[in-house]
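What follows is each chain in one-letter form.
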Amino acid sequence: MSRRMHGFLDRIFNPQKLVKKIPVSGELPGVPSLLSRTLRIAWPSLTESVLIGLVGMVDTMMVSTLGTYAIAAVGLTTQPKYIGLSFFLSLNVAVSALVARRRGERDAESARQVLLQSLIITLALTAVVSVLCVVFADPILRLAGSAPDTHEDAVLYFQIIMGGMVFNSVSMVINAAQRGCGNTKIALRTNLASNLVNIFFNYLLIGGNFGFPRLGVAGAAIATVIGTVVACVMSILSVLHPHQFLHLTCPKRIRFDRRTMGGLANIGSSALAEQIFQRIGFFISAIVVARLGTEPFATHQICMNVLNIAFCFGDGLSVASVALVGQSMGEKRIDLAQIYGSICQRIGFLISILLGIVFFVFGRNIVGLFSSEPKILDDGAVLLDMMAFIVLLQISQVIFNGCLRGAGDTRFVAVVSLISVTFVRPFFSWLFCYPVGLGLVGAWVALLLDQLVRFLLSRYRFGSGKWSKIVI
């Protein structure tokens, strides 16, 4: 490493400057050591998250060959799907935080109990949520704002995805536990395999290639479920090796101990509240945009797919911050928890600057990958110009919230979601779209305000150090 590069890294990641209101409780590693550990855990989760986002874009591109209505139909299912998954996403936050803390404490048996009991809860919840979503798919999608030209395909897609969600939910909880241990490469491998299978079967089933039936939107849903089956099998195999820190064996009897259930309930309940607040806000905002018509909603969905790529960079670093902060707190090194969280945030900020430049310069070309319709190209290019600024806030707030989750401070994150996502974003989406008359641009102005509020609140909380006193 050149002297100039070493000086640059030292200015940005100097641990003495990153410790703020947290007292130093031991020797601080040097910048190379801190970056090495951060990147060792971060790069697999970062790669995994970005690949998932890219595959989501490819998925949308392949569906777009059916027409604008197909993009809108699949897009309509996004928020209802995540509302159904909110129970599992919140449980997984608790699993990652608890396993990371037990890893720091070197308590393998407690980590195993966290995973085992979480799997049992997951299977029970999946049975209930899956049945409800399949049975009530028609009214759910009508509420989501489906139009006559999108409703039938949206219902069919939603029923197939939610009918096969057991494979996804099991894989998610196992991967969450592995990430808490710092085994982010396992989640990378399972999701990479799943997404490649998804793309392969998309090609076969959407357009009916190599003698397979042409199933259209239903084919895209079936391909997704097949991909989750592959991920589920790989995830289960990853916890069957007896010499790993995290492994499962067939229990002689199933028991729920107070410590594990208390930790899952404490963190998971706040994370569930966060998920519910977020999904309600996203759902209402999506309905507001859907009411603008099929073409504006398709444009919105295309741009949200692009924004999701930026989110994936933040999400990957957020996963790393959960593990690093949780493990550091388990080791009783609160100072290192703040340092690792700050390093993840600063890496994310550098990435967001590069992404912002790409979106601003190549916005129209990116939208052109999804559609050649002039109206969609024009409107999409405007939204990507706005996105260049949104990503600066989005990636940072996602990482700050990951740090807080790793510390077990999920209640504060839930309150932020209630304020910003449930109230700020839907209200201003409606206000700017209709009374002010900005249309689709108004929804994205509201999205910018939402990201700004979440960034300011999460940055303040992490800098305050109040999360360091939480016991789980």
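Bear in mind that the values here come from a model prediction, so they are computed numbers and not experimental data. (Residues numbered from 1 in each chain as written. Predicted model: local features only at pLDDT ≥ 70, side-chain atom pairs only at ≥ 80, totals over all residues. Heavy atoms only, no water.)

## Comments concerning the packing of helix 6 (residues 108-135) against helix 9 (residues 165-181)
- As a packed pair, helix 6 and helix 9 sit with axes 9 Å apart at the nearest point and diverge in direction by 155°. Taken together, the axis directions place helix 6 and helix 9 in an arrangement best described as roughly antiparallel. The handedness of the crossing between helix 6 and helix 9 comes out as right-handed. Residues L115, S118, L119, T122, L123, T126, V129 and S130 of helix 6 touch helix 9, and the partners they reach there are M165, V166, S169, V170, V173, I174 and A177.
- Grouping the amino acids of the contact of helix 6 with helix 9 by side-chain chemistry returns ten nonpolar, five polar and no charged. (Axes fitted to C-alpha atoms, helices over the stretch in contact; angles between N-to-C directions. Helix = DSSP H or I, 4+ residues; strand = E, 2+ residues; numbered from the N terminus. Parallel < 35°, antiparallel > 145°, perpendicular 65-115°, else oblique. Left-handed = near helix turned anticlockwise from the far one by under 90°. Contact = heavy atoms within 4.5 Å. Nonpolar A, V, L, I, M, F, W, Y, C, P; charged D, E, K, R; others polar.)

## A look at the pattern of salt bridges
- Counted under the stated rule, the structure contains ten salt bridges.
- The partner of R112 in a salt bridge is E109, with the nearest N and O atoms 3.3 Å apart. Taken as a pair, R112 and E109 lie in helix 6 at a separation of three residues, close to a single helical turn.
- Residue R112 is classed as buried on the basis of its relative accessible area of 14%.
- Its relative accessible area of 39% is what places E109 among the partly exposed residues.
- For E274, the salt bridge identified is with R405, shortest N-O distance 2.4 Å. Of this pair, E274 sits in helix 12 (residues 258-290) while R405 sits in helix 15 (residues 374-406), and the two are 131 residues apart along the sequence.
- Taking the relative accessible area as the measure of exposure, R405 reaches 14% and is therefore buried.
- Via salt bridges that share partners, R425, D450 and R454 belong to a single interconnected network. (Salt bridge = Lys/Arg side-chain N within 4 Å of Asp/Glu carboxyl O. Buried < 20%, exposed > 50% of the residue type's maximum accessible area, 1.4 Å probe, protein only.)

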